[in-house]
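If you want the building blocks of each chain, they are given just below.
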Amino acid sequence: MTENRRQLLQLGLFILTVLTTTFAGAEWIWGRFLVWTEVSMSIQDFQDGLAFSLPFLLILTCHEFGHYFTAKYHNIKVSLPYYIPLWFGFILPSPSLGTMGAFIRIRQSIAGRIQYFDVGISGPIAGFAVALAVLWYGFTHLPETEYIYEVHPEYEVFGEDFEQKMEGLDTVIVKSSLNPARYNYAVSADSIRVGQGSLYFGDNLLMMAGRKYLAPDDRYVPSSKELMHYPWLLAGYLALFFTALNLLPIGQLDGGHVTFGLLGPVWHKRISTVLFVALVFYAGLGWVHIDQLTSDSWEGLFGFLFQVIVYLYLLYLCAYSLFKERWDRWMFAAIMLAVQFVLASYFGMTGYQGWLVFALLLGRILGIQHPPVTDHSPLTQGRKILGWIALVIFILCFTPQPMVVTF
């Protein structure tokens, strides 16, 4: 592919990602899916969606260009960012972020620890700085309570303490008095099911601090169940989550490069292996437990055995980067499954199964080891301090359960 065609592809992917993240933002804000065959998108919807897509893509872009310009500084051949659009509205009504992120391509091997460290840490630091500014604006410019009534007309009848008053209710029948001409289709036949299922975002330390110290009025602060309707806060929260994800000191993630630069290959391998196993262990807790054997029928037994086999194979795939021999992978999978089953069945311990997809990506595709280097020059004192600051940023941004669906 010629350079001009490559740049045209990159530009096209960026424009398409702006569109898909704007569509996704409008869906999150108004709580409805803009499937083309069911609900059309108005100009106002698109403008509302920009309040999510622009800050979110700004953070993502600063992250990628942090990597890019640092690579250029070290004379490393690198591509401009490739953005990955992803929106489900063309196919089915399902929530999405509008993108799977972006990446740059390093077109040569990197020779030294310092170069790996600089390229790895620059992206998260740049994105984190912009995310802080986005969150500051989001918390200091919260709309008044009437805003959430536009999104959820059913809340209006309960007043400011609607979440506490609605707790435990099965069904609420309401009619909105706020701008019904625009929002009446959102409530269908004016019947809203409450308490049958909800989505909320798990807190991290920075979000808790923002709620406590930045919001001008506690009455306007959204709960974790309503965060998706506040586009600046949602963009900032997701940026913190992806920052923490990138800073995990595993494999060739940005955090892996930082650990490799700070501590060297031996300690990187130890830390990466331990944390990866811990990630798989936490992710799979509760996937298979004894309560799934509630039926005495053969169908129930076979269904349980099928789930066990599927999960066992998933663990086997995750173990690809841990062991070279198949037998060792199967042993790892069997031991992990047995321990998780006991802890979930008899001690009620559960993890977050959303991490399993990421664990599979790391274990089977990206790998948990770091490429070797020829130059092992130690980091300067300033770089070491920056590396430990990155660890603090990871702690501030991380949440063990980023997105939870309850029923």
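Above this text you will find the structure in question.
Residues numbered from 1 in each chain as written. Predicted model: local features only at pLDDT ≥ 70, side-chain atom pairs only at ≥ 80, totals over all residues. Heavy atoms only, no water.

Participant: Would you mind going over the overall build of the protein chain with me for this structure?
Facilitator: The secondary structure content of the protein chain amounts to 13 helices and six strands. Here the protein chain holds 407 residues, and 46% of them are scored as buried. Nonlocal contacts in the protein chain, meaning residues at least 24 apart in sequence, comprise 74% of its contacts between residues at least 6 apart. Working note: accessible area of the protein chain is about 20900 Å², and carbon and sulfur atoms make up 65% of it. (Helix = DSSP H or I, 4+ residues; strand = E, 2+ residues; numbered from the N terminus. Buried < 20%, exposed > 50% of the residue type's maximum accessible area, 1.4 Å probe, protein only. Contact = heavy atoms within 4.5 Å. Areas by Shrake-Rupley, 256 points an atom, 1.4 Å probe, with all protein chains shown as cover.)

Participant: In this structure, what is going on with the nonpolar core? I would like to understand it.
Facilitator: A general trend in soluble globular proteins is that nonpolar side chains are found buried together. Grouped together as the largest cluster of nonpolar side chains are 80 residues, with contacts concentrated most on L240, F276, W355 and F358. At ten residues, the largest contribution of residues to this core is made by helix 8 (residues 231-246). Among the nonpolar cores identified, the runner-up in size contains ten residues, and A71, V78, I110 and V373 belong to it. (Core = buried A, V, L, I, M, F, W, Y, C linked by side-chain atoms within 4.5 Å.)

Participant: Teacher, can you tell me more about the packing of aromatic side chains here?
Facilitator: Ring pairs (aromatic) are described by centroid distance and by the angle formed between their planes. On inspection of all chains with the given rule, the structure shows 27 aromatic pairs. Seen from their ring centres, F23 and F46 are 6.2 Å apart, and the 65° between their planes marks the pair as edge-to-face. Separated by 23 residues along the polypeptide, F23 in helix 1 (residues 3-30) and F46 in helix 2 (residues 43-73) bring together distant segments of the chain. A relative accessible area of 24% means that F46 is categorised as partly exposed. When the centroid spacing of 5.2 Å and the interplanar angle of 65° are considered together, the rings of Y147 and Y230 count as edge-to-face. (Phe/Tyr/Trp six-rings, centres within 6.5 Å; stacked < 30°, edge-to-face > 60°.)

Participant: Before we go on, may I ask you to explain the packing of helix 2 against helix 3 (residues 113-140) in this structure?
Facilitator: For any two helices packed against each other, one specifies the inter-axial angle together with the distance between the axes. Relative to each other, helix 2 and helix 3 sit at 155°, their axes nearing to 7 Å. By the angle between their directions, the pair helix 2 and helix 3 is classed as roughly antiparallel. For the crossing formed where helix 2 meets helix 3, the hand is right-handed. The residues of helix 3 that touch helix 2, namely those facing P55, L58, I59, C62, H63, G66, H67, T70 and A71, are D118, V119, G120, S122, G123, P124, A126, G127, V130, A131 and V134. (Axes fitted to C-alpha atoms, helices over the stretch in contact; angles between N-to-C directions. Parallel < 35°, antiparallel > 145°, perpendicular 65-115°, else oblique. Left-handed = near helix turned anticlockwise from the far one by under 90°.)

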